[in-house]
Number of protein chains: 2
Amino acid sequence: MELWFTEKHTENVHFSIKVDRQLYSGQSEFQRIDIFESPEFGRFLTLDGFMMLTEKDEFVYHEMIAHVPMAVHPHAKHVLVIGGGDGGAVRELTRYPGVERIDLVEIDREVVKACKTYLPQTACRLDDPRVHIYYEDGLRYVRDIRSEYDLILVDSTDPFGPGEGLFTKEFYGNCYKALREDGILVNQQESPFYRNDAVAMQRAHQRIVQSFPISRVYQAHIPTYSSGHWLFGFASKKYRPVEDLNAEEWNRLGLATRYYNTKLHIGAFSLPTYVNGLLEKVEPLKEEE
Amino acid sequence: MELWFTEKHTENVHFSIKVDRQLYSGQSEFQRIDIFESPEFGRFLTLDGFMMLTEKDEFVYHEMIAHVPMAVHPHAKHVLVIGGGDGGAVRELTRYPGVERIDLVEIDREVVKACKTYLPQTACRLDDPRVHIYYEDGLRYVRDIRSEYDLILVDSTDPFGPGEGLFTKEFYGNCYKALREDGILVNQQESPFYRNDAVAMQRAHQRIVQSFPISRVYQAHIPTYSSGHWLFGFASKKYRPVEDLNAEEWNRLGLATRYYNTKLHIGAFSLPTYVNGLLEKVEPLKEEE
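Residues numbered from 1 in each chain as written. Chains lettered and ligands numbered in written order. Predicted model: local features only at pLDDT ≥ 70, side-chain atom pairs only at ≥ 80, totals over all residues. Heavy atoms only, no water.

Per an unreviewed UniProt entry, chain A is named Polyamine aminopropyltransferase, and its organism is Caproicibacter fermentans. Regarding chain A, the UniProt comment filed under Function (unreviewed entry) reads as follows: "Catalyzes the irreversible transfer of a propylamine group from the amino donor S-adenosylmethioninamine (decarboxy-AdoMet) to putrescine (1,4-diaminobutane) to yield spermidine." (UniProt positions renumbered as here; feature names shortened; annotations may be inferred.)

Structure below.
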């Protein structure tokens with residue numbers, strides 16, 4: 001017998017992973033949740049059939065969403081993670097002794113439950129005493145918060161289905177208000193390569209540019225995501241992602257990482273020419289840097 | 001009817017592309033050559049079933065193999081391209097007015113013929129008067145050359161089949177001798193992600209380190225190659241790839257590119273921690289930088 005999971009990166013491009021067995025399958029109020037075991041990637045989680053993480057390459061995504069802003073902000077104490085019910089971003093954040101409180105706002109309780117049972121590699125720090133989980137819509141959660149967080153990580157699904165609201169101008173505007181005067185917002189921002197992904201990426205960038213004075217994009221290699229070329233947005237009120245990097249201080253922490261390092265941090269903001277072009281096309285209100 | 005091309009990135013990971021039609025299929029003395037037309041990637045070339053290039057993303061590979069060394073070497077006049085019968089690397093090199101001679105050594109005459117007929121996007125500059133094509137084994141070609149080239153680009157297939165000899169210590173040693181005293185060697189060096197690719201990448205790096213005083217690795221996002229995370233080797237006798245970058249001079253040339261730019265040039269040499277680890281593991285004879 002052969003069992004294969006296939007994700008359509010586009011209608012004309014399929015990415016297929018050989019599966020040993022399905023560990024979990026459930027339908028929550030919000031989405032279908034599946035967890036598989038595979039010989040190449042270990043366990044992997046899909047939501048509505050879309051790849052969220054694999055044990056083999058989740059380190060890239062989670063290190064890049066957490067350590068990039070943490071190495072820039074000199075004293076991030078209160079952090080909000082929106083989405084990210086798998087616990088991977090929280091795991092990286094709990095490694096910082098200076099972080100005092102991590103609020104995780106995940107709309108789907110069933111995702112957290114399934115990950116705690118089947119994905120201990122990412123969910124391992126959800127019981128840290130600094131972590132507070134709220135099962136709520138992130139869009140609604142940030143609406144009434146004012147100047148509370150040093151850092152917000154938007155660890156969302158794609159911009160359709162339950163994650164759709166996390167790509168709106170209203171949401172980014174509310175994140176701005178929920179951040180302190182030197183706060184940073186980081187979001188997963190899709191891929192620049194295939195057309196539909198690129199359009200979503202541009203739309204997110206345009207909206208963030210309208211909400212934040214500083215807005216830059218950085219990249220990483222994530223083999224199990226569409227095209228393998230993934231982008232993150234870095235938006236902030238005060239700190240610039242490269243110029244204000246505290247490399248020495250971050251390196252003094254002595255955190256062992258597999259993808260992130262402070263040299264790569266700088267390089268990740270140097271984008272291909274065509275990606276710069278896609279971003280500039282939607283930056284009519286670009287601020288002076 | 002649906003027609004799909006599938007490449008096995010590993011035994012357990014398949015990458016599939018919807019095909020409109022097969023434009024060409026031939027068996028040369030060395031390998032099977034196929035060219036397809038697809039809705040997502042335009043035309044694409046495979047050798048023995050392995051993806052060589054697609055019209056949609058070949059710009060990444062060809063810009064990164066050609067412009068990185070050209071932006072470092074201040075006066076590259078004589079260039080040798082080994083492999084690269086599709087003409088993509090040659091196309092980028094012919095854009096430099098300072099390049100006086102490009103010798104293309106391609107083992108398989110049938111590849112050049114098929115690309116000239118079906119892939120004009122890459123083969124379009126093979127008729128440039130500065131280009132001289134030799135249908136020979138690259139390993140044998142470089143054996144008797146002494147101090148002739150400013151730049152050698154090894155645009156090879158994978159390290160098995162006809163390309164195998166282009167990953168040997170003997171070959172790199174002969175490239176060293178074929179280069180002038182300030183010459184640069186750039187080679188495509190596989191991917192760090194899946195185990196078999198990573199082992200090939202390490203083996204190549206180890207051998208190059210033993211042949212050249214300066215040996216560094218840089219990366220690019222190539223969606224249609226295994227894992228999308230691709231590496232190139234930069235080896236030289238004198239110039240360091242980042243410190244000796246002539247950004248101003250390169251930008252004065254005014255070459256329009258879609259992937260390469262001089263800021264990305266620097267960033268491309270900042271590798272993920274696990275890739276640095278793979279490289280260091282095989283660098284027992286590492287030189288002082």
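Still more to cover.
A. Looking closely at the sheet that holds strand 6 (residues 50-54) of chain B. Residue and element names in this part refer to chain B. If you walk across this open sheet you meet the four strands as 3-4-5-6, and the pairing is antiparallel. In this open sheet, the two strands that pair with only one neighbour each are strand 3 (21-27) and strand 6. The average undirected angle you get between the axes of adjacent strands in this sheet is 20°. Of the strand pairs in this sheet, strand 4 (residues 32-38) and strand 5 (residues 42-47) are connected by six bridges, and their pairing is antiparallel. When the bridges of strand 5 are listed, S38 appears paired with G42. Sheet strands in contact with helix 3 (residues 109-118) are strand 3, strand 4 and strand 5, and its direction is about 15° off that of strand 4. (Pairing = 2+ DSSP bridges. Helix = DSSP H or I, 4+ residues; strand = E, 2+ residues; numbered from the N terminus. Axes fitted to C-alpha atoms, helices over the stretch in contact; angles between N-to-C directions. Contact = heavy atoms within 4.5 Å.)

B. View of the pairing of strand 10 (residues 149-155) of chain A. All names here are of chain A. Taken across its seven residues, strand 10 has seven buried, putting it largely inside the fold. In the sheet, strand 7 (residues 78-83) pairs with strand 10 via five bridges, with the strands oriented parallel. When the bridges of strand 10 are listed, V79 appears paired with L151. Relative to strand 11 (residues 179-188), strand 10 is paired through five bridges, and the arrangement is parallel. (Buried < 20%, exposed > 50% of the residue type's maximum accessible area, 1.4 Å probe, protein only.)

C. Layout of unusual backbone geometry. We note that A:S227 has phi near 75°; this positive angle belongs to a residue other than glycine. Here A:S227 shows up in the loop between strand 12 (214-221) and strand 13 (229-236). A:S227 sits in the buried class, given a relative accessible area of 5%. Despite not being glycine, B:S147 has its phi angle at roughly 50°, a positive value. Within the element layout of this structure, B:S147 appears in the loop between helix 5 (138-143) and strand 10 (149-155).

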